[in-house]
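# Breakdown of the fold
What follows is each chain in one-letter form.
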Amino acid sequence: MWQQILAGIIILFFIIRLYDQNKKKEITPNEFAIWLAFWLTAALAVIFIKQIDRLVAYLGFSGNGINFLIYLAVLALFYLVFRLRLSIAKLDRQLTELVRQITLGDKK
Amino acid sequence: MAAPDMKIICVIPAWNEAKNIVKVINGVRPHVQEIVVVDDSSRDETGRLAAGAGATVLRHPINRGQGAALQTGNDYALKSAADIIVHFDGDDQFLAAEIPDMVAPLKEDRADIVFGSRFLGRPTNWPAIKRYVIMPLAKIFTRLVLGVKLSDPQNGFRALNRRAALAIRITNREMAHASEIQAKAFGARLRIAEVPVTVVYHEFGQKLSGGFQVLKDLLINKIINPPKAE
């Protein structure tokens, strides 16, 4: 039970911080919505951890609910890293093209 | 049929090659109409020395790698109405006297692209790790993954006609461009020729870690942007 309270406090801290960042316009409304949805989902997962345990068992996984959430988090992280890699590769290519145009433009 | 009046432009990508660039330019000059040195943001006097030796110098404002420099040179050469573009290294490893052999198949319209090869009889003072580890691995990789059937998978000495230069756009900005060019030449169904060339290694050349970097770049590029003719 105390773990759930601790997790809830941590989530609350991040949600307050998120509101603060949004108020100061440090993030876009879209980013605010995405991160708010993320933290609210995390809060729901913490509140309903027993139900998730039952769901995970029903689906046939051997671990408990929290393990299952960690697996999902790792998968999400892999996906985010892949997306970042694509994004960096695209930026890198655009930078090279920009450098090329500056170089050839200087020569005109 | 031979076409001796073709305009040949030699593209030399160079990064901190002040030690060799003038010698290389002087060697290449008798065999081409114009020499373009793409100075990839050298920290030494490469650009100034190259200009003094009579080359056209294109300077990248920031370092982007050999593959990027070659594509910049190709773009310039195409704009300058080159019929043939020769890629030549700035580190004095190739013999400029072999340029006529490289461009002959293009002049005679027997090929669209000519790759130099260290495996067709000319002498090369190979570093052992390059000969026995890097090259066999690179050959297996380029054959199985990229579908390239050539004797030398990583040779920077090549010559292209306009058709080839327009068909191949180099996107690997680092050293993996050599395999990328070969893969795109096959992908675009260009007429390909190989010519024996001599390579003189003054230093160790590519290290084993460099070889793995090339493999990694090729794999990532294949996932992100599969090799194809553009």
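First, a word on scope: everything that follows refers to the structure included in this document.

About the thresholds
Residues numbered from 1 in each chain as written. Chains lettered and ligands numbered in written order. Predicted model: local features only at pLDDT ≥ 70, side-chain atom pairs only at ≥ 80, totals over all residues. Helix = DSSP H or I, 4+ residues; strand = E, 2+ residues; numbered from the N terminus. Buried ≥ 20, exposed ≤ 12 C-beta atoms within 10 Å, placed from the backbone. Core = buried A, V, L, I, M, F, W, Y, C linked by C-beta atoms within 7 Å. Axes fitted to C-alpha atoms, helices over the stretch in contact; angles between N-to-C directions. Parallel < 35°, antiparallel > 145°, perpendicular 65-115°, else oblique. Left-handed = near helix turned anticlockwise from the far one by under 90°. Contact = placed C-beta atoms within 7 Å. Nonpolar A, V, L, I, M, F, W, Y, C, P; charged D, E, K, R; others polar. Pairing = 2+ DSSP bridges. Right-handed = clockwise from strand over helix to strand, strands pointing away.

Before going further, it helps to examine the environment of Q71 of chain B. All names here are of chain B. As for its position among the elements, Q71 is in helix 3 (residues 66-79). The exposure class of Q71 is buried, given the 26 C-beta atoms found within 10 Å. On a C-alpha basis, the gap between Q71 and V37 in space is 12 Å, while along the polypeptide they are 34 residues apart.

In this structure, C10, V11, V36, V37, I85 and V86 of chain B are the most contacted members of the largest nonpolar core, which totals 54 residues. Considering every element that reaches this core, the biggest residue donor is strand 1 (residues 8-14) of chain B, with six residues.

What follows deals with the packing of helix 4 (residues 65-107) of chain A against helix 3 of chain B. Contact pair helix 4 of chain A / helix 3 of chain B: the axes reach a minimum separation of 10 Å and the direction vectors enclose 40 degrees. Viewed along their axes, helix 4 of chain A and helix 3 of chain B adopt a mutual orientation that is oblique. At the point where helix 4 of chain A passes helix 3 of chain B, the crossing takes the right-handed sense. In this structure, helix 4 of chain A contributes T96, R100, T103, L104 and K107 of chain A to the contact, and helix 3 of chain B contributes A68, Q71, T72, D75 and Y76 of chain B. Its residues placed into classes, the contact of helix 4 of chain A with helix 3 of chain B shows three nonpolar, four polar and three charged.

Between chain B and chain A, the contact holds 14 residues from the first and ten residues from the second. When contributions to the side of chain B that touches chain A are tallied by element, the ones reaching two or more residues are strand 3 (56-59) and helix 3 of chain B. Each residue belonging to the side of chain B that touches chain A can be placed in one class, and the counts come to six nonpolar, four polar and four charged.

With that settled, consider the sheet that holds strand 6 (residues 158-161) of chain B. All names here are of chain B. Read across the sheet, seven strands follow the order 3-2-1-4-6-5-7 without closing on themselves; strand pairing throughout is mixed. Each of the sheet's edge strands pairs with one partner strand only, and the pair in question is strand 3 and strand 7 (192-196). Sheet twist, expressed as the average angle between the axes of neighbouring strands with direction ignored, equals 20 degrees. As defined by bridge partners, strand 5 (residues 113-117) adjoins strand 7 across five bridges and the pair is classed as parallel. Residue pairing in the sheet places F115 in a bridge with E194 of strand 7. Strand contacts of helix 3: strand 1, strand 2 (34-39), strand 3 and strand 4 (84-87), with the helix running at about 155 degrees to strand 1, the strand carrying the most contacts.

What follows deals with unusual backbone geometry. Residues and elements named next belong to chain B. Even without a glycine there, the phi angle at N16 is positive, about 55 degrees. Note on placement: N16 falls in the loop between strand 1 and helix 1 (21-28). For N16, a count of 18 C-beta atoms within 10 Å puts it in the partly exposed group.

In this section: the pairing of strand 6 of chain B. All names here are of chain B. Residues of strand 6 alternate between two faces, with R158 and L160 on one and A159 and N161 on the opposite face, all of them buried. Looking at chain direction, strand 4 and strand 6 are connected through four bridges and run antiparallel. Bridge pairing in strand 6 places I84 opposite N161. Here strand 5 pairs with strand 6 via three bridges, running antiparallel. Each bridged residue has a counterpart across the sheet, and for I113 the counterpart in strand 6 is L160.

Here we take up helix 7 (residues 177-187) of chain B. Residue and element names in this part refer to chain B. In terms of burial, helix 7 is largely enclosed, as nine of its eleven residues are buried. Among the residues of helix 7, those classed as buried are H177, A178, S179, E180, I181, Q182, A183, K184 and A185. With its phi angle positive at about 55 degrees, R189 sits one or two positions after the end of helix 7.

Our next topic: the packing of helix 1 (residues 2-23) of chain A against helix 2 (residues 29-47) of chain A. Two measures define how a pair of helices packs: the angle their axes make with one another and the distance between the axes. All names here are of chain A. Remark: helix 1 packs on helix 2, axes separated minimally by 10 Å, with the N-to-C direction vectors making an angle of 170 degrees. What the angle tells us is that helix 1 and helix 2 run roughly antiparallel. Note on packing geometry: the crossing formed by helix 1 with helix 2 is left-handed. Between helix 1 and helix 2, the residues in contact are Q4, A7, G8, I11, F14, I15, L18 and N22 and F32, W35, L36, W39, A42, A43 and V46, respectively. Considering only residue class, the contact of helix 1 with helix 2 consists of twelve nonpolar, three polar and no charged.

Below, the discussion takes up the pairing of strand 2 of chain B. Residue and element names in this part refer to chain B. For strand 2, the buried fraction is high: five of the six residues fall into the buried class. As defined by bridge partners, strand 1 adjoins strand 2 across six bridges and the pair is classed as parallel. Looking at the pairing, I9 lines up with E34 of strand 2. For the crossover that starts at strand 1, traverses helix 1 and ends in the parallel strand 2, the hand is right-handed. One ladder, built from four bridges, connects strand 2 with strand 3; its direction is parallel. When the bridges of strand 3 are listed, V38 appears paired with L58. The β-α-β motif built from strand 2, the intervening helix 2 (residues 46-52) and the parallel element strand 3 has right-handed crossover chirality.

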